[in-house]
Amino acid sequence: MSRIDDPQQTYQEFTEAVNMKPAELREWLETPESKHVGWQKKGTEGGESVGHESGRKIVDLLRRKRDELTAADYKHMRKVVGYVRRHMAQRPSGDVRETRWRYSLMNWGHDPVKAPLPPPGGPSRRALERHGAPPKSRRGPAR
């Protein structure tokens, strides 16, 4: 089983990437800002964006017990993790609080203003909160 197919690893990365609580995300998805950002599938002009639809799925995933998750759920979790990591790497400079970039990420369950995303394969967000970032000499090569 490859690392990408490991449900435990997928679940951990998903819970690190999604830093919004289900009620908080559900409330966000009701805002006009949430509904006006993101890419729409061809032929769905004026419809729901892909990220907004994903946000509704994420709320459902966060509310379910782990033993109720399906292979399709884990596939969506991997999609969420990939999206969040890619877009965090494209962070614009300056204040991002009222940007489409932030709003789009929030549709996917990640509020970049809350906390930085830990690096892939590195210590979890909870470990970083408990122990702080490792000294620069142990952080590895710069990206």
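Residue positions are given per chain, counting from 1 as you read along its sequence in written order. Local features in this predicted model are restricted to residues whose pLDDT is 70 or higher, and side-chain atom pairs enter the listing and the counts only when it is 80 or higher, whereas totals over whole chains, interfaces and linings include all residues. Working from all heavy atoms in the structure, the side-chain values ignore hydrogens and water.

Chemist: Help me understand the side chain of Asn107 in this model?
Modeler: Structurally, Asn107 can be placed in helix H6 (residues 100-107). Taking the relative accessible area as the measure of exposure, Asn107 reaches 1% and is therefore buried. Apart from the residues within four sequence positions on either side, Asn107 is in contact with Leu25, Trp28, Leu29, Ser34, Val37, Ser49, Gly51, His52, Ser54, Gly55 and Ile58. Helix and strand labels come from DSSP, where a helix needs a run of H or I of at least four residues and a strand needs a run of E of at least two; each type is numbered from the N terminus. Note on classification: 1.4 Å probe, protein chains only; a residue is buried when its accessible area is under 20% of the maximum for its type, exposed when over 50%, partly exposed between these limits. Whether two residues are in contact is decided by their heavy atoms: any pair within 4.5 Å suffices.

Chemist: What should I look at first to understand the nonpolar core in this one?
Modeler: Phe14, Leu25, Trp28, Val80 and Val84 are the most contacted members of the largest nonpolar core, which has 26 residues in total. When contributions to this core are tallied by element, the ones reaching two or more residues are helix H1 (7-17), helix H2 (22-29), helix H4 (50-63), helix H5 (71-88) and H6. Only buried Ala, Val, Leu, Ile, Met, Phe, Trp, Tyr and Cys residues count toward a nonpolar core, and they belong to the same one when joined by side-chain atoms within 4.5 Å.

Chemist: Looking at this structure, I do not really get the packing of H1 against H5. What am I missing?
Modeler: The description of two packed helices rests on the angle between their axes and on the distance between the axes. Between H1 and H5, the shortest axis-to-axis distance is 9 Å and the interhelical angle comes to 45 degrees. With respect to each other, H1 and H5 are oriented oblique. The handedness of the crossing between H1 and H5 is left-handed. Each of Pro7, Thr10, Tyr11, Glu13, Phe14, Glu16 and Ala17 in H1 lies in contact with H5, whose residues at this interface are Tyr74, Met77, Arg78, Val80, Val81, Val84 and Arg85. Residues were grouped as follows: Ala, Val, Leu, Ile, Met, Phe, Trp, Tyr, Cys and Pro as nonpolar; Asp, Glu, Lys and Arg as charged; and all remaining residues, including Gly, as polar. Among the residues making up the contact of H1 with H5, the classes are represented as nine nonpolar, one polar and four charged. Throughout, an axis means a line fitted to C-alpha atoms (over the contacting stretch in the case of helices), and angles, computed between N-to-C directions, take values from 0 to 180 degrees. Under this scheme an angle from 65 to 115 degrees is roughly perpendicular, one under 35 degrees roughly parallel, and one over 145 degrees roughly antiparallel; angles in between are oblique. Helix crossings fall into two classes, left-handed where the near helix is turned counterclockwise from the far one by less than a right angle and right-handed where it is turned clockwise.

Chemist: Can you help me understand H2 in this one?
Modeler: The periodicity of an α-helix, 3.6 residues per turn, causes residues three or four positions apart to be oriented the same way. Every buried residue of H2 is accounted for by Leu25, Trp28 and Leu29. Taken down its axis, H2 places every buried residue within 100 degrees of arc, on the same side. Packing partners of the buried residues in H2 comprise helix H3 (32-35), H4 and H6. Each C-beta atom gives one direction from the helix axis, and the arc is the one those directions make.

Chemist: Even after reading the chapter, I still don't get the packing of aromatic side chains, so can you show me in this structure?
Modeler: For this analysis, a ring pair means two rings from Phe, Tyr or Trp (six-membered ring only for Trp) whose centres lie within 6.5 Å, classed as stacked if their planes differ by under 30 degrees, edge-to-face if by over 60, and tilted for the remaining angles. Summed over all chains, the structure comprises two aromatic pairs. Aromatic pair Trp28 and Tyr103: ring centres 5.3 Å apart, planes at 40 degrees, arrangement tilted. Here Trp28 is found in helix H2, whereas its partner Tyr103 is found in helix H6, with 75 residues between them in sequence. As far as the burial class goes, Trp28 and Tyr103 line up, both buried. A centroid spacing of 4.3 Å and a plane angle of 15 degrees characterise the contact between Tyr83 and Trp108, whose relative ring orientation is stacked. Pair noted here: Tyr83 is in helix H5 and Trp108 is in the loop between H6 and helix H7 (125-131), with a separation of 25 residues, a long-range link.

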